[in-house]
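What follows is each chain in one-letter form.
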Amino acid sequence: MFDQLHYDDITFDKTILNDAFINRKEFQSCTFRNCDFSNSNFAHNKFLDCVFEECNLSMIKFDASTLNDVFFKGCKILAVNFSLCQDFLFSVNFDACILDYASFAGKKMVKTRFKKSSLKEVSFTETNLAGSVFDESDLLDAVFNRTDLSAVNFTTAYNFILDPELNVLKKAMFSTSGLEGLLAKYGLKVV
């Protein structure tokens, strides 16, 4: 499987490769549907304008890989360290994904969309999320430390705790119910 160097506009359906080692491949405008690549090593690959739908990518390694305009929908992406991906052209969006225990530490992710996703204990330390949207997403125990959250939309996000003194929050948007997550540090209770 994946014996070519370049794949263009191909749909991979129900491909199962657990604990596999796939590197130095380029995927352009490809769709991965119902695939299981859990515990696999996909280091040094390029994913350009690709879509992952209903895939299990838990514990996958994208070390030194390019993820440019990659869309994840309904995927299980547990404990993936996105911070090891190439910084140049890094662009991802998530819809109805489970991203628990993932790390985006140090990434520039301006205008990233997280829709109806679980982001429990995800690290956003020193991440630039300016203009991003957390739409109906669970941020329980997610770590925001020295994070640029300028103009981020948290209005429908829940379970987050943010320290206004450690993060940039200029023009960030919150609902009234989300204020408790901003005031937790001060021991205040919003009723």
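Here, the structure is the one placed above.
Residues numbered from 1 in each chain as written. Predicted model: local features only at pLDDT ≥ 70, side-chain atom pairs only at ≥ 80, totals over all residues. Heavy atoms only, no water.

(A) Quick peek at the pattern of salt bridges. Per the counting criterion, the structure on display carries six salt bridges. The closest approach of N and O atoms between D138 and K120, which form a salt bridge, is 4.0 Å. On the criterion of sequence distance, the pair formed by D138 in the loop between β11 (133-135) and α1 (179-183) and K120 in the loop between β10 (113-115) and β11 is long-range, its members being 18 residues apart. Classification of K120 by relative accessible area gives partly exposed; the value is 31%. (Salt bridge = Lys/Arg side-chain N within 4 Å of Asp/Glu carboxyl O. Helix = DSSP H or I, 4+ residues; strand = E, 2+ residues; numbered from the N terminus. Buried < 20%, exposed > 50% of the residue type's maximum accessible area, 1.4 Å probe, protein only.)

(B) Fine view of the side chain of T66. Along the chain, T66 turns up in strand β7 (residues 66-68). The exposure class assigned to T66 is buried, which follows from its relative accessible area of 11%. Apart from the residues lying within four places of it in its own chain, the contact partners of T66 are N45, K46, F47, L48, Q86 and F88. (Contact = heavy atoms within 4.5 Å.)

(C) View of the packing of aromatic side chains. Applying the stated criterion across every chain, the model contains 38 aromatic pairs. Ring centres of F82 and F94 lie 5.9 Å apart, and the angle between their planes is 75°; this geometry places the pair in the edge-to-face category. Residue F82 is found in the loop between β8 (70-73) and β9 (92-95), and its partner F94 is found in strand β9; the two are separated by 12 residues along the sequence. Judged by its relative accessible area of 0%, F82 is buried. (Phe/Tyr/Trp six-rings, centres within 6.5 Å; stacked < 30°, edge-to-face > 60°.)

Remember that the coordinates give geometry; whether it matters functionally is a separate question.
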